[in-house]
Amino acid sequence: MNAVIKTKRLLLRYANEHDAAMLLNLVNQPNFIKYIGDKGIYTLSDAKNYIEQSFIASYKHQGFGPYIITLHSGEAVGIVGFYKRKALQLPDLGFALLTHYEKNGYIFEAAKALLQSRHTLGIKQVSAICAANNTASQCVLLKLGFNMIGKAVINDDKTAVNIYGY
């Protein structure tokens, strides 16, 4: 199963091509598009390419990246990971969950475990970005111990996002 991190209820593991269907569903949910953006992933082939170019390439080049969140049963429910963006000096924590798994504390549990193991990935400081109107994710970041430090425009859509430090 390639578990990177184990928690009481979850496993965080490396992505593979078998995650394409879950990823396709995840990135096309209305809230994902609203708060994170349209990734242009519309087919299983697109999702497999995205896994290869974003997830697997990040592991190879940076030693970290996004991980698949699964229940102990092996069912994939979302993603959590550290991202290296050109617009930010520090790696940033990002997460997304399939809608029908929300409000169970899975994101908090997965993100907390990942933050606690960041030193093993060579990460000392972490940032996070969040859409200004995404109150659910803002609450998770604050509960994890992040503090809002400002706003910035980092995407082509010119929308300002909140920047958090940890």
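Asks: What exactly am I supposed to notice about the overall build of the chain here?
Replies: Counting its regular elements, the chain contains 5 helices and 8 strands. In the chain, the order of α-helices and β-strands from amino to carboxyl end is β-β-α-α-α-β-β-β-α-β-α-β-β. Put simply, of all contacts in the chain between residues at least 6 apart along the chain, 53% involve residues at least 24 apart. Surface exposure of the chain reaches about 8,900 Å², of which carbon and sulfur atoms provide 51%.

Asks: Honestly, the packing of helix H4 (residues 106-116) against helix H5 (residues 135-144) in this entry has me stumped. Any pointers?
Replies: Between two packed helices, the angle of one axis relative to the other and the distance separating the axes together describe the packing. Where H4 contacts H5, the two axes come as close as 10 Å, and the packing angle between them is 40°. As the angle between them shows, H4 and H5 are arranged oblique. In terms of crossing hand, the pair formed by H4 and H5 is right-handed. In this structure, H4 contributes Ile-107, Phe-108, Ala-111, Lys-112 and Leu-115 to the contact, and H5 contributes Val-140, Lys-143 and Leu-144.

Asks: Looking at this model, I keep getting lost on the packing of aromatic side chains. Mind explaining?
Replies: To describe a pair of aromatic rings, you give the distance between the ring centres and the angle between the ring planes. Tallied over the entire structure, the rule returns 7 aromatic pairs. Each ring, one from Tyr-101 and one from Tyr-106, has its centre 6.5 Å from the other, and the planes form 50°; the classification is tilted. Both residues of the pair, Tyr-101 and Tyr-106, count as buried. We note Lys-143 situated over the ring of Phe-108; from NZ or CZ to the ring centre the distance is 4.4 Å.

Asks: Mind showing me how you'd approach the packing of helix H1 (residues 20-27) against helix H3 (residues 44-62) here?
Replies: Running from N to C, H1 and H3 cross one another at 95°; their axes reach a closest spacing of 8 Å. With respect to H3, the element H1 is oriented roughly perpendicular. Listed contacts from H3 to Ala-20, Ala-21, Leu-23 and Leu-24 of H1 are Leu-44, Ala-47, Lys-48, Tyr-50, Ile-51 and Phe-55. Looking at side-chain class alone, the contact of H1 with H3 contains 9 nonpolar, no polar and 1 charged residues.

Asks: Is there a simple way to think about the pairing of strand S5 (residues 92-97) in this case?
Replies: Within a regular strand, side chains alternate between the sheet's two faces. Within S5, 6 of the 6 residues are buried, which leaves the element mostly enclosed by the surrounding structure. Both faces of S5 are covered, namely the face carrying Asp-92, Gly-94 and Ala-96 and the face carrying Leu-93, Phe-95 and Leu-97. Two strands pair when backbone bridges link them, and strand S4 (residues 76-83) and S5 are joined in this way by 6 bridges, in the antiparallel orientation. Within S5, the position partnered with Phe-82 by the bridge is Leu-93.

Asks: Even after reading the chapter, I still don't get unusual backbone geometry, so can you show me in this structure?
Replies: Excluding glycine, residues mostly carry a negative phi; peptide bonds, for their part, are mostly trans. For Lys-103, which is not glycine, the phi torsion reads 65° and is therefore positive. Mapped onto the fold, Lys-103 is located in the loop between S5 and H4. By relative accessible area, which is 81% here, Lys-103 ends up exposed.

Asks: Hey, could you run me through the side chain of Gln-138 in this one?
Replies: The topology assignment puts Gln-138 in helix H5. Its relative accessible area of 15% is what places Gln-138 among the buried residues. Sequence-distant contacts of Gln-138, that is, excluding residues within four places in its chain, are made with Cys-130, Ala-131, Ala-132, Asn-133, Asn-162 and Tyr-164.

Rules of the game
Residues numbered from 1 in each chain as written. Predicted model: local features only at pLDDT ≥ 70, side-chain atom pairs only at ≥ 80, totals over all residues. Heavy atoms only, no water. Helix = DSSP H or I, 4+ residues; strand = E, 2+ residues; numbered from the N terminus. Contact = heavy atoms within 4.5 Å. Areas by Shrake-Rupley, 256 points an atom, 1.4 Å probe, with all protein chains shown as cover. Axes fitted to C-alpha atoms, helices over the stretch in contact; angles between N-to-C directions. Parallel < 35°, antiparallel > 145°, perpendicular 65-115°, else oblique. Left-handed = near helix turned anticlockwise from the far one by under 90°. Phe/Tyr/Trp six-rings, centres within 6.5 Å; stacked < 30°, edge-to-face > 60°. Buried < 20%, exposed > 50% of the residue type's maximum accessible area, 1.4 Å probe, protein only. Lys NZ or Arg CZ within 6 Å of the ring centre and 35° of its normal. Nonpolar A, V, L, I, M, F, W, Y, C, P; charged D, E, K, R; others polar. Pairing = 2+ DSSP bridges.

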